Amino acid sequence: MGRSSHSNTLTGWREWIGLPDLGVEWIKAKIDTGARTSSLHAFDVEEFRRDGADWVRFRVNPWQDTSADAVLAECPVHDRREVRSSSGHAETRLVVRLRVRLVDHEVTAEVTLTNRDEMGFRMLIGREALRRGYVVDPARSFLGGRAPKETRRRNRGKD
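Residues numbered from 1 in each chain as written. Predicted model: local features only at pLDDT ≥ 70, side-chain atom pairs only at ≥ 80, totals over all residues. Heavy atoms only, no water.

Student: Could you clarify how one ought to interpret the nonpolar core in this entry?
Tutor: Inside soluble globular proteins, nonpolar side chains tend to come together where they are buried. Judged by nonpolar contacts, the single largest core of 31 residues is most densely connected at Leu22, Leu40, Phe58, Met123 and Ile125. If you list the elements that add at least two residues to this core, you get strand S2 (14-19), strand S3 (24-31), strand S6 (53-60), strand S7 (71-76), strand S9 (90-102), strand S10 (105-114), strand S11 (123-125) and helix H1 (127-130). For this core, the element with the highest residue contribution is S9, accounting for five residues. (Core = buried A, V, L, I, M, F, W, Y, C linked by side-chain atoms within 4.5 Å. Buried < 20%, exposed > 50% of the residue type's maximum accessible area, 1.4 Å probe, protein only. Helix = DSSP H or I, 4+ residues; strand = E, 2+ residues; numbered from the N terminus.)

What follows is the structure in structure tokens.
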């Protein structure tokens with residue numbers, strides 16, 4: 001038999017995930033079925049052209065309470081979308097496609113780039129990524145396991 005389907009993979013309302021395309025092994029994400037598209041905290045966002053295509057260069061802070069270990073990333077621009085935040089504010093965002101490791105499975109997700117400094121999580125996983133076979137248990141957390149203790153300490157701004 002081939003690789004098993006993850007048509008009923010259980011996830012909690014928050015998870016430690018990975019972004020292999022960016023070299024980010026661990027980042028804490030909120031699982032949000034109310035959001036259509038996933039979003040990632042990005043800063044120093046700069047659009048440019050490469051081989052006739054639109055690209056974006058940006059930095060990602062994987063840790064919640066510190067700017068340590070910022071990662072520089074470059075991705076092709078997949079789309080531009082107007083997104084309305086939960087507070088009702090509309091913003092045009094760049095969209096990139098990224099592999100997301102969530103509860104031991106990988107999916108490719110459309111991810112908007114935005115400033116999430118004021119948000120509790122650096123990343124939000126929306127229902128488009130979840131529709132690939134995830135079931136959310138809103139009463140549980142970290143069903144895919146926890147990041148190593150050292151990583152969790154860095155996430156809280158403790159070295």
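Moving on from the model shown.
Student: Would you explain the packing of aromatic side chains in this entry?
Tutor: Between two aromatic rings, the relevant description is the distance of the centres plus the angle of the planes. Under the definition given, this model contains three aromatic pairs. Pairing Trp16 with Trp26 gives two aromatic rings, centres 6.4 Å apart and planes at 85°, and the pair type is edge-to-face. With Trp16 in strand S2 and Trp26 in strand S3, this pair connects stretches of sequence that are 10 residues apart. In this structure, Arg50 packs its charged tip against the face of Trp55, placed 4.3 Å from the ring centre. The cationic tip of Arg101 hangs over the ring face of Trp26; the distance from NZ or CZ to the ring centre is 5.2 Å. (Phe/Tyr/Trp six-rings, centres within 6.5 Å; stacked < 30°, edge-to-face > 60°. Lys NZ or Arg CZ within 6 Å of the ring centre and 35° of its normal.)

Student: Whenever I open this one, the environment of Glu47 confuses me. Can you help?
Tutor: Along the polypeptide, Glu47 turns up in strand S5 (residues 43-50). In terms of polar contacts, Glu47 uses its side chain to reach the side chain of Arg80, at 2.3 Å. (Polar contact = N/O pair within 3.5 Å; in protein donor to acceptor, adjacent residues only side chain to side chain.)

Student: How do you make sense of the side chain of Ser39 when you look at a structure like this?
Tutor: Assignment of secondary structure puts Ser39 in strand S4 (residues 38-41). On the basis of relative accessibility, which here comes to 3%, the residue Ser39 falls in the buried class. With residues near it in sequence (within four places) discarded, Ser39 still touches Arg93, Val111, Thr112, Thr114, Arg116, Arg122, Met123 and Leu124. (Contact = heavy atoms within 4.5 Å.)

Student: Just checking my understanding: could you explain the pattern of salt bridges for this structure?
Tutor: Close approach of charged atoms allows side chains with opposite charge to pair. Following the criterion strictly, the structure yields 14 salt bridges and no others. A salt bridge links Asp21 to Arg99, with the nearest nitrogen and oxygen atoms 2.6 Å apart. Taken as a pair, Asp21 in the loop between S2 and S3 and Arg99 in strand S9 lie far apart in primary sequence, 78 residues in all. Given the relative accessible area of 32%, Arg99 is considered partly exposed. Note that Arg50 and Glu74 form a salt bridge whose closest N and O atoms lie 2.6 Å from each other. One end of the pair, Arg50, is in strand S5; the other, Glu74, is in strand S7, with 24 residues separating them in the sequence. (Salt bridge = Lys/Arg side-chain N within 4 Å of Asp/Glu carboxyl O.)

Student: Looking at this structure, I do not really get the environment of Pro20. What am I missing?
Tutor: Take Pro20: it is sitting in the loop between S2 and S3. Among the residues examined, Pro20 registers a relative accessible area of 29% and is labelled partly exposed. Spatially, the C-alpha atoms of Pro20 and Thr92 are 26 Å apart, while their sequence positions differ by 72 residues. Once residues lying within four places of it in the same chain are set aside, the contact partners of Pro20 are Arg99, Arg101 and Glu106.

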